Amino acid sequence: MTTLPEPDVSNQTVVETYHRLAALYDWFVTPLQASTRQRALELLAIERGEPVVEVGCGPGHALVALAERVGPDGDIVGLDAAASMVSRARRRAIREGANTRIETCLGDVRSLPFRGDVADVAFVEDTLELFAEDEMTTVLGELERFLRPDGRLCVVTMERAGAEDDLFVRAYDWLFERVPGYERFGCRPIYAARTLTEAGFEIERRERLRRARVWPVEILIARPP
Ligand SMILES: C[S@@+](CC[C@H](N)C(=O)[O-])C[C@H]1O[C@@H](n2cnc3c(N)ncnc32)[C@H](O)[C@@H]1O
């Protein structure tokens, strides 16, 4: 089996990095995500009123887009482990007039502070790839617990399978392994489809896109085990 570069920093260090750099992330990274996020939301085909959770919600752009789709009776929860990301997401929800539908909370996706079996949709964008392989399994176990049996999971991520020779993927590996400090961001291309399947999720849709014409991203829609 092909191996994955593993972060040699703890998730706590990764969270501290996002906590410190939340404003920079918000200004420079989120504009690049708009097209893939829009496509992911189309593929998810969220219905009005469906309860949705986003884990690793960052500064909250997807929360607002999700709130538009679920409508006035929707119920969205955004969770992140970085306090400054959670406060950005909360402020964004207020600014967009969506704060009655969006609840933000500080928490760890490896141990969700919610009872199970309540959400129709779980949304995970650019976050699964921050974890070591065994932790990804823990995250997926938590999402399975939280989702209703007929719910669906959407993962937007950098997929490595079939892209091992992609220049962007190779550049990422180089950054991750060679540039001191880069690993503090935690993210690198992963075998997302394989990880979901091994965790028992059934993949219904996969679509590969490129952000800004270079950054290969995969959208996976899956059903819980
Ligand atoms: C690359 S950012 C993605 C943010 C957002 N989903 C987006 O696409 O803009 C990853 C986010 O995951 C959060 N995160 C990292 N580890 C986490 C954990 N254990 N539990 C919850 N959130 C976590 C970080 O704080 C950060 O906000």
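Reading guide: rules and limits
- Residues numbered from 1 in each chain as written.
- Predicted model: local features only at pLDDT ≥ 70, side-chain atom pairs only at ≥ 80, totals over all residues.
- Helix = DSSP H or I, 4+ residues; strand = E, 2+ residues; numbered from the N terminus.
- Rg over C-alpha atoms; globule rule 2.2 N^0.38 Å.
- Buried ≥ 20, exposed ≤ 12 C-beta atoms within 10 Å, placed from the backbone.
- Contact = placed C-beta atoms within 7 Å.
- Near = placed C-beta within 6 Å.
- Nonpolar A, V, L, I, M, F, W, Y, C, P; charged D, E, K, R; others polar.
- Pairing = 2+ DSSP bridges.
- Axes fitted to C-alpha atoms, helices over the stretch in contact; angles between N-to-C directions.
- Right-handed = clockwise from strand over helix to strand, strands pointing away.
- Parallel < 35°, antiparallel > 145°, perpendicular 65-115°, else oblique.
- Left-handed = near helix turned anticlockwise from the far one by under 90°.

1. Examining the overall build of the protein chain
A tally of regular secondary structure across the protein chain gives 7 helices and 7 strands. Each helix (α) and strand (β) of the protein chain, taken in turn from the N terminus, gives the series α-α-β-α-β-α-β-β-α-β-α-α-β-β. Its C-alpha atoms give the protein chain a radius of gyration of 16 Å, within 12% of the compact-globule value 17 Å for 225 residues. On the principal axes, the C-alpha backbone points of the protein chain span a range of 45 × 35 × 35 Å. Put simply, the protein chain has 225 residues, and 43% of those count as buried. Partitioning the intrachain contacts of the protein chain with sequence separation of at least 6 by distance along the chain shows that 76% fall at a separation of at least 24.

2. Topic: unusual backbone geometry
You will see that D117, though not glycine, has its phi angle at about 65 degrees, which is positive. Note on placement: D117 falls in the loop between β3 (102-106) and β4 (119-125). Residue classification places D117 among the exposed positions, given that 12 C-beta atoms sit within 10 Å.

3. Quick notes on the environment of R206
Here R206 is to be found in strand β6 (residues 202-211). Owing to 16 C-beta atoms within 10 Å, R206 belongs among the partly exposed residues under this scheme. If we ignore the near neighbours within four places in the chain, the residues touching R206 are A193, E218 and L220.

4. Looking at the site of the ligand
Surveying the vicinity of the ligand reveals 23 residues, the closest of which are Y18, G56, G58, A81 and A82. Contributing elements (two or more residues each) for the shell around the ligand: α1 (11-20), α2 (22-44) and β2 (75-80). With 4 residues, α1 is the single largest residue contributor to the shell around the ligand. Residue composition of the shell around the ligand, grouped by class: 12 nonpolar, 6 polar and 5 charged.

5. Here we look at the sheet that holds β6
With mixed pairing, 7 strands are arranged side by side in an open sheet as β3-β2-β1-β4-β5-β7-β6. Taken across any chain shown, the strands that pair with only one partner, and hence form the sheet edges, are β3 and β6. Here the strands of the sheet are splayed against their neighbours by 15 degrees on average, with no regard to which way each runs. Alignment of β4 against strand β5 (residues 147-157), held across 6 bridges, turns out to be parallel. The residue of β5 that forms the bridge with V121 is R152. With respect to the sheet, helix α4 (residues 83-95) is in contact with β2 and β3, its orientation differing from that of β3 by roughly 170 degrees.

6. Overview of the pairing of β5
Counting buried residues along β5, 8 of its 11 residues qualify, which places the element largely inside the surrounding structure. Read from β4 through helix α5 (residues 133-146) to β5, the crossover connection turns out right-handed. Pairing geometry for β5 and strand β7 (residues 215-223), over 5 bridges, is antiparallel. Looking across to β7, one finds that T157 is bridged to E218.

7. Details of the pairing of β6
Where β6 and β7 come together, 9 bridges link them in antiparallel fashion. Bridging from a neighbouring strand, R206 pairs with L220 of β7. What sits between the antiparallel neighbours β6 and β7 is a turn of 3 residues, in which A212 has the positive phi angle 50 degrees.

8. Observations concerning the packing of α2 against helix α3 (residues 61-70)
Closest axis-to-axis distance for the α2/α3 pair is 11 Å, and the angle between their directions is 30 degrees. Here α3 runs roughly parallel to α2, going by the angle between their axes. In the packing of α2 onto α3, the handedness of the crossing is right-handed. Contact residues: T30, R37 and L41 in α2; H61, A62, A65 and R69 in α3.

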